[in-house]
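Tertiary structure, described
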Amino acid sequence: PGVMGREDEKSPVASLALSDNGGDLKVSPISYSKVAELCVRCLEFPNAARSTLCAMTVPAGEGEESWEPLLAKVTADTRSFPGGELLNQHYLAVRVGGSAALG
């Protein structure tokens, strides 16, 4: 998600946007409740399994009012994402950084 925060009544009205297969969307504000709603709604769409999603808001009228029509179009990932080698680099960085921090 983009810039997550609490919903604010003073915020401009926005529509929902969703990209699958690890696609990108322009970073925009989105509320915690909208992200939580997306997580729950994904459970109702088997086609969303094994899909990397990007969720944002767009100006009113450019997206959808609910997640359902967007989730209906989601497909499983087809592109390759970094695997175990990235996680192993993270573990190494934590060990080295942790040791340096502890002196």
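Residues numbered from 1 in each chain as written. Predicted model: local features only at pLDDT ≥ 70, side-chain atom pairs only at ≥ 80, totals over all residues. Heavy atoms only, no water.

Here we come to the pairing of strand S2 (residues 14-19). Here S2 lies mainly inside the structure; five of its six residues are buried. One ladder, built from six bridges, connects S2 with strand S4 (residues 54-59); its direction is antiparallel. Among the inter-strand pairings, Ser-15 is bridged to a residue of S4, identified as Val-58. (Buried < 20%, exposed > 50% of the residue type's maximum accessible area, 1.4 Å probe, protein only. Helix = DSSP H or I, 4+ residues; strand = E, 2+ residues; numbered from the N terminus. Pairing = 2+ DSSP bridges.)

Confidence in the prediction of the chain, expressed as mean pLDDT, is 84, and 87% of residues score 70 or more. For the chain, strand S1 (residues 3-5) is the element with the lowest average pLDDT, namely 74, and helix H2 (residues 68-71) is the one with the highest, namely 96. (pLDDT = per-residue confidence, 0-100.)

Turning to the environment of Cys-54, a few remarks are in order. Mapped onto the elements of the fold, Cys-54 is located in strand S4. Beyond its immediate chain neighbours, meaning those up to four positions away, Cys-54 contacts Ala-17, Leu-18, Ser-19, Gly-23, Asp-24 and Leu-25. (Contact = heavy atoms within 4.5 Å.)

Before going further, it helps to spend a moment on the pattern of salt bridges. The tally for this structure, following the rule as stated, stands at three salt bridges. With a closest N to O distance of 3.8 Å, Glu-37 and Lys-34 form a salt bridge. Here Glu-37 pairs with Lys-34, and both are found in helix H1 (residues 32-42), just three residues apart, close to one helical turn. Owing to a relative accessible area of 26%, Glu-37 belongs among the partly exposed residues under this scheme. Of the residues examined, Lys-34 reaches a relative accessible area of 25% and is grouped as partly exposed. Linking Glu-68 and Arg-41 is a salt bridge whose minimum nitrogen-to-oxygen distance equals 2.7 Å. Here the residue Glu-68 occupies a position in helix H2, and Arg-41 occupies one in helix H1, the gap between them amounting to 27 residues. Taken together, the shared-partner salt bridges connect Arg-41, Glu-44 and Glu-68 into one network. (Salt bridge = Lys/Arg side-chain N within 4 Å of Asp/Glu carboxyl O.)

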